[in-house]
Every structure is written in C-alpha cells, then in structure tokens.
Amino acid sequence: MGCGNLFFTILVTFSVALITYNIIISANAPLKQDFPGPSHRSSLKLDPIIKMPLHKSSSSSSDKKRLLFHTAVTASDSVYNTWQCRVMYYWFKKIKEGAAAHESGMGGFTRILHSGKPDQFMDEIPTFVAQPLPLGMDQGYIVLNRPWAFVQWLQQADIKEEYGMLTFKFQ
C-alpha cells in the first residue's frame, strides 16, 4: 500500500508542476497578430514554408507573373463532401482575389470527382471527372479510388503551375 500511495503522490506532484510550467510559459509568450510567413518589415527574403527566394514568386514588370501553385482536391458525390469542396473553393477564391493575391502565387483549382459521373456543381467548381477503379480492383478498400483519380487527372491535365498541392478528403 505504501508504494502505491507514493507513486500516485509523485505522479500528481509531477503533473501539477508540468501544468504550472506550461501556464507560466504560455502566459509570458508574445502572441503575433499577423499571418505566418515572411513579414513585410523583415529583411528576410526567404519563404519559410518552402525555402524559396521570394523574388522567384514575384513578377517583374517585363514578364508575366508565373503562378506557382495548383490546388487539386479529391471529391466524392456525397452531400457532405460536396459541401466541403464548395467551402474550400469559396475560400480559395477569396484568398486568391484578396489583398495578398499578388504575393500568393495561387494558380488554378481542380476538384477531382471520382464518382465517374458529372454532378450539378461542375459549373460552380472547376471539376475533372475520373472513372472509379474497375469492379474488384479496390479489393474492398473503396478509398483507392482517390489515388486512381489523381493518376487519371495527371495523365490528362495540362498543369501550368510549377507546384501542385494535392489534398485528399477523407470521411
């Protein structure tokens, strides 16, 4: 009995000390009110996310701005997944057209619909319709349709951007 009480006493003491330490540290930490990334006031000219010089993504007056990033998202024809894609595309457009549009490097957006048939949102969201795997090829793991849809899209797409941001929507 004595060893059990001693163990729990040490455990509670250590936990309280750890929680107290975290509260003190977080209370004294300065909070930044800006978005992450390079500051306009900073002399640092390097993008902290992809470690690429910022002048590479900015356009000069002599040549047309090159868009760096193409966003692609897999989607099914479910109501919930369609709603997620509509919200994602809405915010994609807001950011792309917003104040940071000249610095974002955001290019195109593609919803890769892996149901095999068009839906009513094809006019609203740029969509590529991919065919599902042949019957039995998924071996009961239906999520394999998503990477297969990416393969089809990459084979047929004409991507002008330098990088692609591929997102899978899991349910």
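Model, not experiment: these values are computed from the prediction. Every chain's residues receive numbers from 1 upward, in the order its sequence appears when written. Only residues with pLDDT of at least 70 get local features here, since the model is predicted, and only at 80 or more are side-chain atom pairs given and counted; chain-wide, interface and lining totals rely on the full set of residues. Note: side-chain values were computed over all heavy atoms of the structure, leaving out hydrogens and water.

1. Quick look at the UniProt feature "transmembrane region" (unreviewed entry) in the chain
To be explicit about the condition: UniProt positions are given in the numbering used here, feature names are shortened, and annotations may be inferred rather than shown by experiment. Elements are defined by DSSP. Helices are runs of H or I of four residues or more, strands are runs of E of two residues or more, and each kind is numbered from the N terminus.
Taken from the UniProt record, the annotation "transmembrane region" (unreviewed entry) applies to residues 6-25. Segment residues 6-25 splits into 100% helix and 0% strand. End C-alpha atoms: 28 Å apart.

2. Quick look at the side chain of Ser76
For the record, the criterion: In this scheme, a residue with accessible area under 20% of its type's maximum is buried, one over 50% is exposed, and one in between is partly exposed, where area comes from a 1.4 Å probe on protein chains only. The term polar contact refers here to a pair of N or O atoms within 3.5 Å; inside protein, the definition further demands a hydrogen-donor-capable atom paired with an acceptor-capable atom, and it admits residues adjacent in sequence only when both atoms are side-chain atoms.
Inspection of the secondary structure assignment puts Ser76 in the loop between β1 (69-75) and α3 (79-97). A relative accessible area of 12% means that Ser76 is categorised as buried. Looking at Ser76, its side chain comes within polar contact range of the side chain of Ser78, at 3.3 Å.

3. What about the sheet that holds β1?
Here is the rule we go by: Being paired, for any two strands, means DSSP has found at least two bridges between them. Note on geometry: axes are lines fitted to C-alpha atoms, helical ones only across the stretch in contact, with angles between N-to-C directions running from 0 to 180 degrees.
Pairing is parallel in the open sheet, where four strands are placed in the order β3-β2-β1-β4. Only two strands of the sheet have a single partner each, and these edge strands are β3 (127-129) and β4 (163-167). Taking each pair of neighbouring strands and ignoring which way they run, the sheet shows an average axis angle of 25°. With three bridges connecting them, strand β2 (residues 106-113) and β3 associate as parallel partners. Residue pairing for β3: Ile112 is matched across the bridge by Phe128.

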